[in-house]
Amino acid sequence: MSHLSFDFNNLNNLIPENSACIQSCHEMLERGSGSGSDFLGWMQPAVNLAEIEKLAKSLRDQCEVFIVIGIGGSYIGAQAGLTFLKSSFPNQLGKDGGPDIYFAGQNISSDYHSDLMDLISGRDVCVNVISKSGTTTEPAIAFRFFKELIENKYGADGAKNRIVVTTDISKGALNQLVAEQGYRKFVIPDDIGGRFSVLSPVGLLPMAVAGIDIEKVIAGALKGKELYSRPSVEENDAYRYAGLRHLLYQKGMTTEILATFQPAFRHFSEWWKQLAGESEGKDGKGIFPASVEFTTDLHSMGQWIQEGRRTIFETFLLLENSNRQLKIPASQNDADGLNYLAGKTLDHVNNKAYEGAALAHKEGGVPNLSITINDRSPEALGQLFYFFQRAVAMTGYLNEVNPFDQPGVEFYKNNMFKLLNKPGY
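These remarks concern the structure in this document. Since the structure is predicted, the reported quantities are computational estimates derived from the model, not experimental observations. (Residues numbered from 1 in each chain as written. Predicted model: local features only at pLDDT ≥ 70, side-chain atom pairs only at ≥ 80, totals over all residues. Heavy atoms only, no water.)

**Some details on a nonpolar patch on the surface**
Together, Ile-108, Ile-141 and Phe-145 line one region of the surface with nonpolar side chains, adding up to about 270 Å² of accessible area. Along the chain, the position of Ile-108 falls in the loop between β3 (100-104) and α5 (110-120). (Patch = residues over 30% accessible without salt bridge, like charges linked within 9 Å, V, L, I, M, F, W, Y side chains within 5 Å. Areas by Shrake-Rupley, 256 points an atom, 1.4 Å probe, with all protein chains shown as cover. Salt bridge = Lys/Arg side-chain N within 4 Å of Asp/Glu carboxyl O. Helix = DSSP H or I, 4+ residues; strand = E, 2+ residues; numbered from the N terminus.)

**A closer look at the packing of helix α1 (residues 19-31) against helix α14 (residues 378-398)**
Interhelical geometry of α1 versus α14 gives an angle of 115° and a closest axis separation of 9 Å. Taken together, the axes of α1 and α14 are roughly perpendicular relative to one another. Regarding α1 and α14, the two cross each other, and that crossing is right-handed. In this structure, α1 contributes Cys-21, Ile-22, Cys-25, His-26, Met-28, Leu-29 and Glu-30 to the contact, and α14 contributes Arg-390, Ala-393, Met-394, Tyr-397 and Leu-398. Tallied by class, the residues present in the contact of α1 with α14 amount to nine nonpolar, one polar and two charged. (Axes fitted to C-alpha atoms, helices over the stretch in contact; angles between N-to-C directions. Parallel < 35°, antiparallel > 145°, perpendicular 65-115°, else oblique. Left-handed = near helix turned anticlockwise from the far one by under 90°. Contact = heavy atoms within 4.5 Å. Nonpolar A, V, L, I, M, F, W, Y, C, P; charged D, E, K, R; others polar.)

**Remarks on helix α13 (residues 346-363)**
In this model, α13 (18 residues) spans 26 Å end to end at C-alpha, consistent with the 26 Å of a helix rising 1.5 Å per residue. Next to the buried residues of α13 lie α12 (302-307), β9 (312-319) and β10 (368-373). Directly after α13, the chain includes Gly-365, whose backbone phi takes a positive value near 95°. (Expected span 1.5 Å × (residues − 1).)

**Section: the packing of aromatic side chains**
Under the defined criterion, the tally for this structure stands at 22 aromatic pairs. When the ring of Trp-42 is compared with that of Tyr-386, the centres are 6.0 Å apart and the planes differ by 50°; the resulting orientation is tilted. In this pair, Trp-42 sits in the loop between α1 and α2 (49-62) while Tyr-386 sits in helix α14, placing the two residues 344 residues apart along the sequence. Linked through ring pairs, Phe-6, Phe-8, Tyr-228, Tyr-241, Phe-268, Trp-271, Phe-385, Phe-387 and Phe-388 together constitute an aromatic cluster. Against the face of Tyr-154 rests Arg-162, its NZ or CZ located 3.9 Å from the ring centre. (Phe/Tyr/Trp six-rings, centres within 6.5 Å; stacked < 30°, edge-to-face > 60°. Lys NZ or Arg CZ within 6 Å of the ring centre and 35° of its normal.)

**So, the sheet that holds β9**
Pairing within the open sheet is mixed, and its five strands lie in the order β1-β10-β9-β7-β8. Lying at the two open borders of the sheet, with one neighbouring strand each, are β1 (4-7) and β8 (288-293). Geometrically, the sheet is characterised by an average inter-axis angle of 20° between neighbouring strands, direction not taken into account. Of the pairings in the sheet, the one linking strand β7 (residues 255-260) to β8 comprises six bridges and is parallel in character. (Pairing = 2+ DSSP bridges.)

**With respect to the pairing of strand β4 (residues 125-130)**
Among the six residues that make up β4, six are buried, leaving the element largely enclosed by the rest of the structure. Burial along β4 is two-sided: the residues Val-125, Val-127 and Val-129 and Cys-126, Asn-128 and Ile-130 are all buried. Both strand β2 (residues 65-69) and β4 contribute to a ladder of five bridges, which runs parallel. Bridge pairing in β4 links Ile-69 to Val-129. Where β4 meets strand β5 (residues 163-167), four bridges bridge the pair, whose relative direction is parallel. Within the sheet, the bridge partner assigned to Val-127 lies in β5 and is Ile-163. The parallel pair β4 and β5, bridged by helix α6 (residues 137-159), forms a crossover whose chirality is right-handed. (Buried < 20%, exposed > 50% of the residue type's maximum accessible area, 1.4 Å probe, protein only. Right-handed = clockwise from strand over helix to strand, strands pointing away.)

**A look at the environment of Asp-111**
Tracing the backbone through its elements, the reader meets Asp-111 in helix α5. Looking at Asp-111, the relative accessible area reads 57%, which means it is exposed. For the pair Asp-111 and Glu-53, spaced 58 residues apart in sequence, the C-alpha separation works out to 34 Å.

**Concerning the state of the cysteines**
In the structure shown here, the tally under the stated rule is zero disulfides. Cys-25 forms no disulfide, and the closest cysteine sulfur to it belongs to Cys-21, at a distance of 6.6 Å. Left without a disulfide partner, Cys-63 is nearest to the cysteine sulfur of Cys-126, which lies 3.5 Å away. Judged by relative accessible area, Cys-63 falls into the buried class, the value being 6%. (Disulfide = S-S within 2.5 Å.)

**What to know about the pattern of salt bridges**
Throughout the structure, instances matching the rule amount to 15 salt bridges. With a closest N to O distance of 3.9 Å, Glu-226 and Arg-230 form a salt bridge. On the basis of relative accessible area, Arg-230 is assigned to the partly exposed category, the value being 29%. Connected through salt bridges with shared partners, the residues Lys-223, Glu-226 and Arg-230 form a single ionic network.

**Some thoughts on the packing of helix α11 (residues 266-280) against α14**
Contact geometry of α11 with α14 gives a least axis separation of 9 Å together with a crossing angle of 20°. Classified by the angle between their axes, α11 and α14 sit roughly parallel to one another. Considering how the two elements wind past one another, α11 and α14 form a crossing that is right-handed. In this structure, α11 contributes Phe-268, Trp-271, Trp-272, Leu-275, Ala-276, Ser-279 and Glu-280 to the contact, and α14 contributes Leu-381, Leu-384, Phe-385, Phe-388, Gln-389, Val-392 and Thr-395.

**What about the nonpolar core?**
Within the largest apolar cluster, 88 residues are counted, with the highest numbers of intra-cluster contacts made by Leu-29, Tyr-241, Phe-268, Trp-271, Ile-371, Leu-384 and Phe-388. Of all hydrophobic cores here, the second largest spans 21 residues; its members include Leu-116, Phe-143, Ile-150 and Leu-174. (Core = buried A, V, L, I, M, F, W, Y, C linked by side-chain atoms within 4.5 Å.)

**Points about helix α8 (residues 201-209)**
Burial runs high along α8: nine of the nine residues are buried. Pro-201, Val-202, Gly-203, Leu-204, Leu-205, Pro-206, Met-207, Ala-208 and Val-209 are the residues of α8 that are buried. Gly-211 sits one or two positions beyond α8 and adopts a positive phi of about 90°.

None of this, on its own, says anything about what the molecule does.
As structure tokens, then:
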């Protein structure tokens, strides 16, 4: 059973399907003949889940706090999974006996990291540092802080059982530490780039520590592989979505807004922005990925979307069934005038807000389409991850760029290193 449905009726079916180009790009993906073909490992979600689950159980039993250190694809996929599958306030309402989970190394903020260290003071801590090179500035700095904290608290021997490294199979600074200190290690496959790594140990270990059933996540991804590896655009919603967004881009719609109506999608939107932006934005080309969270942002960005420059299109990411339902109560005096909604669920009102926004934006000249997920299940999440990975890879090839490299990311780093007087720069 598919957990995802795709609706493009608000495009009025006026845009022709570029099926011949999609077929050609599909063959490039399947044969590994396109640019970046050394990084297609994500297409086959196959992981030693037993090893991950075994260590995750040990960490859940051992620590009160689990710190995930990484930046970009090394952390945002796991955070997306936690936000989608767990409570809105997991560290306050966690009821499964697992540790509180926090993220570090995704910024260079003194206040953030100081506050985090204050927060975890006096508690049992474990760390998962995720970096292929081991020298990426932001997580490497954060790891220094938390490695020192753990060693001071538990000693070097105690630290080896509280620090887990996820890194390259053999190269990089973290492998030297693994050899010297005896840290437990998971491998980031050579053929999977960071932003495509969520279904590898990079994303799966933190999710498993959080108590998420990663076997079901992978089952959903495998369902996605079955559905989104089909060559025909009529049978493949990921390709249909890719083809439509590419054609909208060719018509001058250069910004895509991913619009959600659930806080559960908050970090998934951030994951999507990196996936799309880093894969497609090169050679002076690419759709600019932006995100909004409605109805909140209808009170801030809604005006611009409705009447601003007509260079945008929207993709609504919707949830069909919430985990729980709340009905609006009746009020005796109806002072707020809301009794007409009494007995209705919040999901019902939220859905009407979506329908009203989609119609208003369409009438305002903003083409929009929608992707609906059945529920907040691990299977649905796995399928959704795979859907967007396949679609973004396809869009990159349609736009004749390599969707699997990111040369532009190095420019800011080189300038920063020069300003910091790093040796060799």
